[in-house]
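# Summary of the model geometry
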Amino acid sequence: MGKDVEGQAAVGKDYEEPPPSALFSIEELTKWSFYRALIAEFVATLLFLYITVLTVIGYKSQTAVLPADDCAGVGILGIAWAFGGMIFILVYCTAGISGGHINPAVTLGLLLARKLSLIRAILYMVAQCLGAICGVGLVKAFQSAYYVRFGGGANELADGYNKGTGLGAEIIGTFVLVYTVFSATDPKRNARDSHVPVLAPLPIGFAVFMVHLATIPVTGTGINPARSFGAAVIYNHKKAWDDQWIFWVGPFSGAAIAAIYHQYILRAGFAKALGSFRSSANVV
């Protein structure tokens, strides 16, 4: 009888929910795997910024030479593919090492969902920002003639849009990205749809691609504070710094909303917590 009950329980829940991460975990600092993850985040963000900013500057330099040619350069579609494609590649490469965040907003969302510790989250963000600075620095070193002339790949609010519109675009765009991250890596979904071979980096990359198509004309598309910060540091122009807050407040707000929506509404985390509280109250 005991075996039958255990079998029924296994059928009822065919996935294993990972336990919440400790908020503070000093033990992590003693493990090589932790520092290996930091290096992976640093290198991945460096490569991400190098390829994508180089694509943006290359497109602008080509259209400057042939301004009347609508087919000159890769266009907005090509820029969106560069960002989405690089995220797909880099998440695939680093997911098994660091989780493949490559974005402080993604890291914040996973922190709020208790998927990683506060210490890991902070150091991930530092590694991502340093990697972004180095990546854009390489672009400037290799393309010094075009870098400053064509905006340095920095995120700035486009003419004709107010700051509220830009902030809203960043919030919604980051919500789409972080919501996709949660959905693509959800252990319950993976167990339920195990017959469907979905590669998690693929929908994440497509989310980045689609958000870029929608928001490049508005803000140049941030949705990644490290990407915006790295470009602003190397470009170092007043407009980029004046608008910088949009590319931190917007993505962090969107990430927080996505974490709350997925964990506490879709996954019924709030209802479970309330039910547990009521049960404890009844026992008392």
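Notes on the structure in this doc start here. (Residues numbered from 1 in each chain as written. Predicted model: local features only at pLDDT ≥ 70, side-chain atom pairs only at ≥ 80, totals over all residues. Heavy atoms only, no water.)

### A few points about a nonpolar patch on the surface
Taken together, the side chains of Ile76, Leu77, Trp81, Tyr92, Leu199, Leu202, Phe206, Met210 and Leu213 present a nonpolar region at the surface, about 850 Å² in accessible area. Looking at the secondary structure, you find Phe206 in helix α9 (residues 201–219). A relative accessible area of 39% means that Phe206 is categorised as partly exposed. (Patch = residues over 30% accessible without salt bridge, like charges linked within 9 Å, V, L, I, M, F, W, Y side chains within 5 Å. Areas by Shrake-Rupley, 256 points an atom, 1.4 Å probe, with all protein chains shown as cover. Salt bridge = Lys/Arg side-chain N within 4 Å of Asp/Glu carboxyl O. Helix = DSSP H or I, 4+ residues; strand = E, 2+ residues; numbered from the N terminus. Buried < 20%, exposed > 50% of the residue type's maximum accessible area, 1.4 Å probe, protein only.)

### Comments concerning α9
At Leu213, α9 shows its largest bend, some 45 degrees, and a proline, Pro217, comes one to four positions later. Three or more residues of α9 are buried, namely Pro201, Ile204, Gly205, Ala207, Val208, Phe209, Val211, His212, Thr215, Ile216, Val218 and Thr219. Where α9 is buried, its residues touch α3 (75–94), α7 (163–184) and α12 (246–266). The positive-phi residue at the C-terminal boundary of α9 is Gly220, with phi of around 80 degrees. (Bend = angle between axes of the 7 residues up to and from the residue. Contact = heavy atoms within 4.5 Å.)

### Focus: the side chain of Glu41
By secondary structure assignment, the location of Glu41 is in helix α2 (residues 32–65). Among buried charged residues, Glu41 stands out as having no salt bridge; its nearest opposite-charge side chain is Arg120, 8.2 Å away. A polar atom in the side chain of Glu41 sits 2.6 Å from the side chain of Ser98. Not counting the four nearest positions on each side in its chain, Glu41 is found in contact with Ser98, Gly100, His101, Ile102, Tyr124, Ala127 and Gln128. (Lys, Arg positive; Asp, Glu negative; His and termini not counted. Polar contact = N/O pair within 3.5 Å; in protein donor to acceptor, adjacent residues only side chain to side chain.)

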